[in-house]
Amino acid sequence: LCLLDRCCTVIDPTTSRFLQCWDIIIAVLLAFTALAAPFETAFLKPRMDALFVVDRIVDALFFVDMLLQFFIAYPDPARLTHLVRTPRRIVRHYLQGWFWVDFL
């Protein structure tokens, strides 16, 4: 993990235009999944068609989002006006928090 502190770029969520756009994309994908998954399960037979490919692309983007979370600074609980930018702490914070929810 010491190497982690030296080699990784930390993303500042307050200034990153990329992250703002990414969050919108993920929100749209979550809405799509919330609507499409129950419909597919209830009314469609499993097939290898275009919808299957779209679903796998959505899955891949959610996986990329999980990886991205390991590089995003988060508010310091001790000083809420500051961000934690230490890669080791960011990784630990994500693994102890939302990682398992995202993984499942």
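Above this text you will find the structure in question.
Quick summary incoming for the structure in this document.

With that out of the way, let us pick up the pattern of salt bridges. Taken as a whole, this structure holds 4 salt bridges when the rule is applied. Measuring nitrogen to oxygen at the nearest pair gives 3.2 Å for the salt bridge that ties Arg-85 to Asp-12. With a gap of 73 residues between them, Arg-85 in the loop between β2 (83-84) and α4 (87-96) and Asp-12 in the loop between α1 (2-7) and α2 (17-43) connect regions that are remote in the sequence. Arg-85 sits in the partly exposed class, given a relative accessible area of 44%. Given the relative accessible area of 15%, Asp-12 is considered buried. Between Asp-76 and Arg-79 there is a salt bridge, with its nearest N and O atoms 4.0 Å apart. With a relative accessible area of 10%, Asp-76 lands in the buried category.

Tracing the sequence through the fold places Asp-55 in helix α3 (residues 50-69). Of the buried charged residues, Asp-55 lacks a salt bridge, with Arg-56 as the closest side chain of opposite charge at 4.8 Å.

Bringing a nonpolar patch on the surface into the picture now. A contiguous nonpolar surface patch, about 330 Å² in accessible area, is contributed by Phe-39, Phe-43 and Leu-44. Position of Leu-44 relative to the elements: it lies in the loop between α2 and α3.

Our focus in this paragraph is α2. The first and last C-alpha atoms of α2 sit 39 Å apart over 27 residues, in line with the 39 Å expected at 1.5 Å per residue. The largest bend in α2 amounts to roughly 25° and is located at Ala-36, with the proline Pro-38 lying one to four residues further along. The set of residues buried in α2 consists of Leu-19, Trp-22, Ile-26, Leu-29, Ala-36 and Glu-40. Buried residues along α2 sit against α3.

Here is what the cut-offs are and how they apply
- Residues numbered from 1 in each chain as written.
- Predicted model: local features only at pLDDT ≥ 70, side-chain atom pairs only at ≥ 80, totals over all residues.
- Heavy atoms only, no water.
- Salt bridge = Lys/Arg side-chain N within 4 Å of Asp/Glu carboxyl O.
- Helix = DSSP H or I, 4+ residues; strand = E, 2+ residues; numbered from the N terminus.
- Buried < 20%, exposed > 50% of the residue type's maximum accessible area, 1.4 Å probe, protein only.
- Lys, Arg positive; Asp, Glu negative; His and termini not counted.
- Patch = residues over 30% accessible without salt bridge, like charges linked within 9 Å, V, L, I, M, F, W, Y side chains within 5 Å.
- Areas by Shrake-Rupley, 256 points an atom, 1.4 Å probe, with all protein chains shown as cover.
- Expected span 1.5 Å × (residues − 1).
- Bend = angle between axes of the 7 residues up to and from the residue.
- Contact = heavy atoms within 4.5 Å.

Function-wise, these values are silent; they only describe arrangement.
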